[in-house]
Amino acid sequence: MQLDDITLYALGDSVLVVQFSDSIGAVAHDAVMAFGRCLADSPFVGMIEYVPAFTTVSIFYNPVVLSYEDVQRQVMDRLLQLDDQATPPARTVEIPVCYGGEFGPDLEFVAQYHGMSEEDVIRIHSSPLYQVHMIGFAPGFPYLSGLSERIATPRLTTPRVRIPTGSVGIAGDQTGIYPIETPGGWQLIGRSPVPLFQPSACPPCLLRAGYSVRFMPITPAEYRELAQDKDVQLRGDTL
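Quantities reported herein were computed from a predicted structural model and do not represent experimental measurements.

Student: How would you sum up the overall build of the chain? Please name residues and give values.
Tutor: Looking only at helices and strands, the chain has six helices and 13 strands in total. For the chain, the C-alpha radius of gyration of 20 Å lies close to 18 Å, the compact-globule estimate for 239 residues. Taken along its principal axes, the extent of the C-alpha atoms in the chain is 55 × 40 × 35 Å. Per-residue burial over the chain gives 47% buried out of 239 residues. For the chain, restricting intrachain contacts to residue pairs at least 6 apart in sequence, the fraction spanning at least 24 positions comes to 63%. Measuring between centres, the 15 positive side-chain charges of the chain sit 7 Å from its 27 negative side-chain charges.

Student: Could you give an account of the layout of surface pockets, naming the residues involved and the relevant values?
Tutor: Approximately 870 Å³ is the volume found for the largest pocket. Along the walls of the largest pocket sit 34 residues, with Met33, Pro52, Arg208, Ala209 and Gly210 positioned nearest its centre. For the lining of the largest pocket, the elements supplying multiple residues, two or more each, are α1 (26–41), β3 (47–52) and β6 (130–135). Looking at the lining of the largest pocket residue by residue, the class counts come to 21 nonpolar, eight polar and five charged.

Student: Can you explain the sheet that holds strand β2 (residues 15–19)? Please cite residues and give values.
Tutor: Spatial ordering of the open sheet is given by β1-β2-β4-β3, a layout of four strands whose pairing is antiparallel. Pairing within the sheet leaves two strands with one partner each, and these edge strands are β1 (7–10) and β3. Taking each pair of neighbouring strands and ignoring which way they run, the sheet shows an average axis angle of 20 degrees. Sheet topology note: the β3/strand β4 (residues 56–61) ladder contains five bridges and is antiparallel. When the bridges of β4 are listed, Tyr50 appears paired with Ile59. Helix α2 (residues 68–79) contacts β1, β2 and β4 of the sheet and is inclined by roughly 155 degrees relative to β1.

Student: Quick one: what's the story with the packing of α1 against α2, residue by residue and with numbers?
Tutor: Look at α1 against α2: their axes get within 10 Å of each other, and the N-to-C directions meet at 115 degrees. For the element pair α1 / α2, the angle class is roughly perpendicular. Like other packed secondary-structure pairs, α1 and α2 cross with a definite hand, here right-handed. Together, Phe35, Cys38 and Leu39 of α1 and Val75, Arg78 and Leu79 of α2 make up the contact between the two elements. Each residue belonging to the contact of α1 with α2 can be placed in one class, and the counts come to five nonpolar, no polar and one charged.

Student: Would you mind going over the pairing of β4 in detail, with residue names and values included?
Tutor: Taken across its six residues, β4 has five buried, putting it largely inside the fold. In the sheet, β2 pairs with β4 via five bridges, with the strands oriented antiparallel. Across the sheet, residue Val18 finds its bridge partner in β4, namely Val57. Between the antiparallel neighbours β3 and β4 lie three residues.

Student: Could you give an account of the side chain of His125, naming the residues involved and the relevant values?
Tutor: As for its position among the elements, His125 is in helix α4 (residues 118–126). Overall, His125 belongs to the buried group, its relative accessible area being 0%.

Student: Account for a nonpolar patch on the surface, naming residues and giving values.
Tutor: A contiguous nonpolar surface patch, about 250 Å² in accessible area, is contributed by Leu3, Met76 and Leu80. Relative to the assigned elements, Met76 resides in helix α2.

Student: Explain the packing of aromatic side chains residue by residue, including any values.
Tutor: For the structure on display, the rule yields twelve aromatic pairs. Ring plane angle 45 degrees and centroid distance 4.4 Å describe the contact between Phe103 and Tyr223, whose orientation is recorded as tilted. One end of the pair, Phe103, is in the loop between β5 (92–99) and α3 (107–114); the other, Tyr223, is in helix α5 (residues 220–227), and 120 residues separate them in sequence. Of the two residues, Phe103 and Tyr223, both sit in the buried class. Ring centres of Tyr143 and Trp186 lie 6.3 Å apart, and the angle between their planes is 65 degrees; this geometry places the pair in the edge-to-face category. Placement of Tyr143 in strand β7 (residues 142–145) and of Trp186 in the loop between β11 (182–184) and β12 (187–191) is noted, with a sequence separation of 43 residues between them. Accessibility expressed as a relative area gives 16% for Tyr143, which makes it buried. A residue is classified by how much of its surface remains accessible, and Trp186, at 4% relative accessible area, is buried. Three or more aromatic residues joined by ring pairs make a cluster, and in this case those are Phe54, Phe137, Phe141, Tyr143, Tyr178 and Trp186.

Definitions and cut-offs
Residues numbered from 1 in each chain as written. Predicted model: local features only at pLDDT ≥ 70, side-chain atom pairs only at ≥ 80, totals over all residues. Heavy atoms only, no water. Helix = DSSP H or I, 4+ residues; strand = E, 2+ residues; numbered from the N terminus. Rg over C-alpha atoms; globule rule 2.2 N^0.38 Å. Buried < 20%, exposed > 50% of the residue type's maximum accessible area, 1.4 Å probe, protein only. Contact = heavy atoms within 4.5 Å. Lys, Arg positive; Asp, Glu negative; His and termini not counted. Charge placed at Lys NZ, Arg CZ, Asp CG, Glu CD. 1 Å grid on protein atoms, 1.4 Å probe; cavity = no way out; pocket = protein on both sides within 12 Å on 5 of 7 lines; lining within 4 Å. Points joined across faces, edges and corners; volume = space filled by probe spheres on them. Nonpolar A, V, L, I, M, F, W, Y, C, P; charged D, E, K, R; others polar. Pairing = 2+ DSSP bridges. Axes fitted to C-alpha atoms, helices over the stretch in contact; angles between N-to-C directions. Parallel < 35°, antiparallel > 145°, perpendicular 65-115°, else oblique. Left-handed = near helix turned anticlockwise from the far one by under 90°. Patch = residues over 30% accessible without salt bridge, like charges linked within 9 Å, V, L, I, M, F, W, Y side chains within 5 Å. Areas by Shrake-Rupley, 256 points an atom, 1.4 Å probe, with all protein chains shown as cover. Salt bridge = Lys/Arg side-chain N within 4 Å of Asp/Glu carboxyl O. Phe/Tyr/Trp six-rings, centres within 6.5 Å; stacked < 30°, edge-to-face > 60°.

See the structure below:
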């Protein structure tokens with residue numbers, strides 16, 4: 001990616017945003033990940049944290065220590081290093097999901113909406129290797145790319161007040177997992193027993209931007225067994 005394609009702008013008085021593209025895609029995602037690794041490997045004094053998103057990296061800094069112009073200079077120095085950043089293989093996390101029934105109340109609707117069987121929806125949804133572009137909305141909520149357009153489905157007209165923890169849903173051409181109980185309008189097709197967010201853990205979130213996710217269909221009996229397995233609840237990424 002050329003420097004001319006990258007935009008820098010302020011977000012308030014203590015955040016600088018680096019925008020790599022106007023559209024979501026593999027090129028922008030790779031650039032976001034590469035720049036994030038550069039910041040992690042070479043932080044500068046006054047930088048508090050950085051937050052990757054679909055096409056941007058937001059850099060939070062201490063305005064008492066650095067001016068906006070100082071941060072711009074630090075950022076430009078690191079952007080010039082991006083060509084030298086090797087891209088490591090993405091970590092893949094397998095997420096078991098019990099589809100349909102009490103765990104996925106909207107699976108039947110999604111199947112009918114596309115004129116296919118519930119088994120077809122499950123097969124199509126669990127086939128891709130998804131990419132985590134960002135964590136947002138709720139602690140640990142992953143926004144995933146890679147959903148087949150064959151099962152892309154509009155959100156609910158009226159959102160639910162309570163979505164069970166671990167619910168796997170579809171909204172338009174995106175899929176994701178609710179890490180905590182929260183309101184939401186996504187079509188719920190399944191649920192996972194693996195905790196995505198544990199405040200007492202370090203790190204507290206199972207998934208991170210740049211990870212890959214594969215969904216593994218399981219039975220209701222397997223769901224309940226995993227939900228009672230203390231090792232799974234404490235170390236979901238060992239599955």
